[in-house]
Amino acid sequence: MESLMRNAFLFLSKNKVANRTAKKYGLRFGAKRFVAGVQISEAVTTVRMLNEKGIVVTLDHLGEFISTREEAIEATAYNVRTLHEIAASGVKSNLSLKMTQLGLDISRELCMSNMRQILDAAKQHGNFVRIDMEDYAHNEVTLDIFRELREEYGKTVGLVIQAYLYKSQADMEQLSVYKPNLRLVKGAYKESQEVAFPRKEDVDQNFIRIIEQHLLDGHYAAIATHDDNVINHVKQFVKDHRIPNSQFEFQMLYGIRVQAQQDLANQGYTMRVYVPYGDDWYGYFMRRLAERPANVGFVLKSMFKS
């Protein structure tokens, strides 16, 4: 049953008609639990609230189904504005983004031009931009673009690696020359077993494997997980290998396991919360429901309260 629900939500996440309908109704029916708001000001308010609790943030201006140059340029301007607002407000947050939002499916040149505008702004403010990894179809081009931008912008730019792909460990070995700041995740897209581990147990094992590899290589690791088994393993691993807390951070999604986030911050670990905002929230929201169908309960409660 859970598998059927997961597949249904993943299907809905890519439904353009449902996305347009959702925009009409705004952030009601449970989405507010996972999305900070529509405007930058709402996002900055959320960041400040988290900062006051000792938690840092990465902001993500949501955007999917980009199909025109105008939409990509608009998304780029919004990301640049977000970096300026972060600097002006003094909050502790960097930026995460998806390159399809910046026009990657339209042309690589358009995407690169837009990325450079964003990274120029980040460099101006001494901030950091993380390129989110999307589905497998965009994997290789994302790696290629990261390499090119890393040569140009150095430590201003980082990347995400997904543990459910067979190729991830080899990708990390090739990227090691750049000493990259990587966010390590299990992966949230539905992929063929030709390219991804079909069994959760294998994904979990590979996740631990790539975390350990990256830490032992001496590179900065952003360990994005809500899994206590992984968190506890990392705590013991860094202790056993005398890896300083300054070499890694834990990351979780906004609205999920809030107390666990606070506990990790209180224990002296860097805890960063991934905070999405913007009016194009629908696809993100559906993927959160797909990852954990139990979240549907929160949606139903919100519907009855509305």
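Look above for the structure.
Residues numbered from 1 in each chain as written. Predicted model: local features only at pLDDT ≥ 70, side-chain atom pairs only at ≥ 80, totals over all residues. Heavy atoms only, no water.

A. Just the pairing of strand E5 (residues 182–185), in detail. Alternating positions in E5 separate into two faces, Leu 182 and Leu 184 on one and Arg 183 and Val 185 on the other, with burial throughout. Direction of pairing for strand E4 (residues 157–162) relative to E5: parallel, over a ladder of 4 bridges. Within E5, the position partnered with Gln 162 by the bridge is Val 185. Examined bridge by bridge, E5 and strand E6 (residues 221–224) share 3 bridges and lie parallel to one another. (Buried < 20%, exposed > 50% of the residue type's maximum accessible area, 1.4 Å probe, protein only. Helix = DSSP H or I, 4+ residues; strand = E, 2+ residues; numbered from the N terminus. Pairing = 2+ DSSP bridges.)

B. Representation of a negative patch on the surface. A cluster of acidic residues, Glu 70, Glu 71, Glu 74 and Asp 279, forms a negative patch at the surface. Within the secondary structure, Glu 74 sits in helix H4 (residues 69–89). (Patch = residues over 30% accessible without salt bridge, like charges linked within 9 Å, V, L, I, M, F, W, Y side chains within 5 Å. Areas by Shrake-Rupley, 256 points an atom, 1.4 Å probe, with all protein chains shown as cover. Salt bridge = Lys/Arg side-chain N within 4 Å of Asp/Glu carboxyl O. Lys, Arg positive; Asp, Glu negative; His and termini not counted. Charge placed at Lys NZ, Arg CZ, Asp CG, Glu CD.)

C. Representation of the pattern of salt bridges in the model. This structure, assessed with the given rule, holds 15 salt bridges. Between Arg 116 and Glu 152 there is a salt bridge, and its shortest N-O distance comes to 2.7 Å. With Arg 116 in helix H5 (residues 108–125) and Glu 152 in helix H6 (residues 139–153), this residue pair connects regions lying 36 residues apart in the sequence. Each of the salt bridges in this network shares a partner with another, and the network as a whole consists of Asp 60, Lys 98, Asp 132 and Arg 183.

D. Main features of H6. With 15 residues, H6 ought to run about 21 Å at 1.5 Å a step, and its terminal C-alpha atoms sit 20 Å apart, in line with that. Looking one or two places after H6, you find Gly 154, whose phi comes out positive at around 60°. (Expected span 1.5 Å × (residues − 1).)

None of the figures reported here should be taken as evidence of function without further support.
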